[in-house]
Amino acid sequence: IKTFLLSTFFFVLSSLAGATSYLKINVYNGSAISSATLRVHRGEYVLLVDGKDDAQLNPGASIHLRAKDGNVVFTRNGQSRTAKGIAIQAQSLDEEFILRPANQQLKEHKYQDHLIVKARGNNLVLVNEVQLDKYVAGVVEAEAGSKHTHEYYKVQSIISRTYALSNLDRHAAHGFNLCDQVHCQVYHGKARFNDSIPMATKATEDLVLVDQNINLITAAFSSNCGGKTLNAEDVWSQPRSYLVSVPDTF
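Starting afresh in each chain, residues are numbered from 1 along the sequence in its written order. Local features are withheld for residues below a pLDDT of 70 in this predicted model, meaning they are given only at 70 or higher, and side-chain atom pairs are given and counted only at 80 or more; totals for whole chains, interfaces and linings count all residues. By convention in this description, side-chain values take in all heavy atoms of the structure and omit both hydrogens and water.

So, about the overall build of the protein chain. The secondary structure content of the protein chain amounts to six helices and 15 strands. Atoms counted for the radius of gyration: C-alpha only. Globule rule: 2.2 Å times the number of residues to the power 0.38. Since a compact globule built from 250 residues should have a radius of gyration of about 18 Å, the 20 Å found for the protein chain is in line with a globular shape. Dimensions of the protein chain, computed from the C-alpha atoms along their principal axes, are close to 60 × 35 × 35 Å. When the 250 residues of the protein chain are sorted by exposure, 43% land in the buried category. By sequence separation, contacts in the protein chain at least 24 residues apart represent 64% of the contacts at least 6 residues apart. Only carbon and sulfur atoms are counted for the fraction: they give 50% of the accessible area of the protein chain, which is about 13,400 Å². In the protein chain, 25 positive and 24 negative side-chain charges are present, and the distance between their average locations comes to 5 Å. Only DSSP runs of H or I covering at least 4 residues are called helices, and only runs of E covering at least 2 are called strands; the numbering of each starts at the N terminus. Burial classes: relative accessible area under 20% of the type maximum marks a residue as buried, over 50% as exposed, and values in between as partly exposed (1.4 Å probe, protein chains only). In this analysis, two residues are considered to be in contact whenever any of their non-hydrogen atoms come within 4.5 Å of each other. Note that accessible areas follow from Shrake-Rupley with a 1.4 Å probe, and for residues the cover is restricted to the protein chains shown. Just so you know, the count uses Lys and Arg for positive and Asp and Glu for negative, and it drops His and the chain ends. A charge is said to be at NZ when it belongs to Lys, at CZ for Arg, at CG for Asp and at CD for Glu.

Quick look at the structure:
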């Protein structure tokens, strides 16, 4: 830990924070979802169809979504229409919506901010466009659970924020920043089960970890290292001064 703190330090985001205030997260990544239901849970949304304002959605409003031959077929108030893509855009900072895939093996999740819906063949592509720290709070809960201390959540928030910002281009070729699986960081939408998590994220707002050259570090973490971590070069191709093998006394 001493070595880590000497070679790595906190850095407060400035212009970088503004440039990345919203992230595009592909949700239900890797799952074949041919249809799903979207329901507004809180606040007001604007429905955009092929990029144009179409209607206002109030709490309780729902839309059935289906992919067909690369298009999105959406049904609202009993009427079905087809578009290349649709989106719902939050009108303030407190909006929430719920996504429920038709596949019963997939759980419904509650998300904040915006949603972009497109189709790839006969499967939906669902992208949650969400503020950075709302995403971070969701990641912390999904990765760590809801039964830890406030100080732990502060540490994990900084780590997860750093990891996200250093991997913004991971899915650039697919039209979004990150996915919601372990390939990036696990994300199940809004953090809901412990108020300490969003509070910890807020308390560490704009804090990231950087190396001696003020570059974002590789903020790798795992659920269980087996009692001892590895050197970076034993896992990846190059060493990192702050990722050296240490025993895990916990």
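Even without being glycine, Asp69 reaches a positive phi, approximately 50 degrees. Along the chain, the position of Asp69 falls in the loop between strand E6 (62-68) and strand E7 (71-76). For Asp69, a relative accessible area of 59% gives the class exposed. Positioned with a positive phi, Asp206 is a non-glycine residue whose angle comes to about 75 degrees. For Asp206, the position within the fold is in the loop between helix H5 (196-203) and strand E15 (207-210). Here Asp206 falls in the partly exposed class, since its relative accessible area comes to 27%.

Time to look at the nonpolar core. Membership of the largest hydrophobic core comes to 49 residues, with the highest contact counts inside it found for Leu65, Leu99, Leu126 and Tyr135. By residue number, the principal contributor to this core is helix H3 (residues 132-144), which donates six residues. In this structure Tyr135 touches Leu23, Ile25, Val130, Ala164, Leu178, Gln185 and Tyr187, once residues within four positions along its chain are discounted. In this description, a nonpolar core means a group of buried Ala, Val, Leu, Ile, Met, Phe, Trp, Tyr and Cys residues linked to one another through side-chain atoms lying within 4.5 Å. In this structure, Leu209, Ile217, Ala232 and Leu243 belong to the second largest nonpolar core, which totals nine residues.

Whether two strands pair depends on DSSP finding at least two bridges between them. The strand order E5-E4-E9-E12-E13-E2-E14 describes an open sheet built from seven strands, whose pairing is mixed. Single-partner strands in this sheet number two, and they are strand E5 (52-57) and strand E14 (178-179). Docked against the sheet, H3 engages strand E2 (22-27), strand E13 (123-131) and E14, running at close to 110 degrees with respect to E13. Axes here refer to lines fitted to C-alpha atoms; in helices the fit is confined to the stretch in contact. Angles between the N-to-C directions go from 0 to 180 degrees.

Bringing the pairing of strand E11 (residues 109-112) into the picture now. Burial of E11 is two-sided: the residues His109 and Tyr111 facing one way and the residues Lys110 and Gln112 facing the other way are all buried. Direction of pairing for strand E10 (residues 96-101) relative to E11: antiparallel, over a ladder of four bridges. Looking at the pairing, Glu96 lines up with Gln112 of E11.

Whenever strands of a sheet pair, they do so through backbone hydrogen bonds, lying parallel or antiparallel. Here we have six strands laid out as an open sheet, ordered E8-E7-E6-E3-E10-E11, and antiparallel in their pairing. In this open sheet, the two strands that pair with only one neighbour each are strand E8 (79-83) and E11. For this sheet, the mean inter-axis angle between neighbouring strands, taken without regard to orientation, is 25 degrees.

Here we take up helix H4 (residues 150-165). Because an α-helix packs 3.6 residues into every turn, residues spaced three or four apart end up facing the same way. An ideal rise of 1.5 Å per residue puts 22 Å on 16 residues; H4 measures up with 23 Å between its terminal C-alpha atoms. Residues of H4 that are buried: Tyr153, Gln156, Ser157, Ile158, Ile159, Ser160, Arg161, Thr162, Tyr163, Ala164 and Leu165. What a helix should span is 1.5 Å times the count of its residues minus one.

Moving on, we get to the pattern of salt bridges. One side-chain nitrogen of Lys or Arg within 4 Å of one carboxyl oxygen of Asp or Glu is enough to make a salt bridge. Using the criterion set out here, one finds nine salt bridges in the structure. When the shortest N-O distance is used, the salt bridge between Lys190 and Glu96 registers 2.3 Å. Highlighted residues: Lys190 in the loop between E14 and H5 and Glu96 in strand E10, separated in sequence by 94 residues. With a closest N to O distance of 3.3 Å, Lys154 and Glu151 form a salt bridge.

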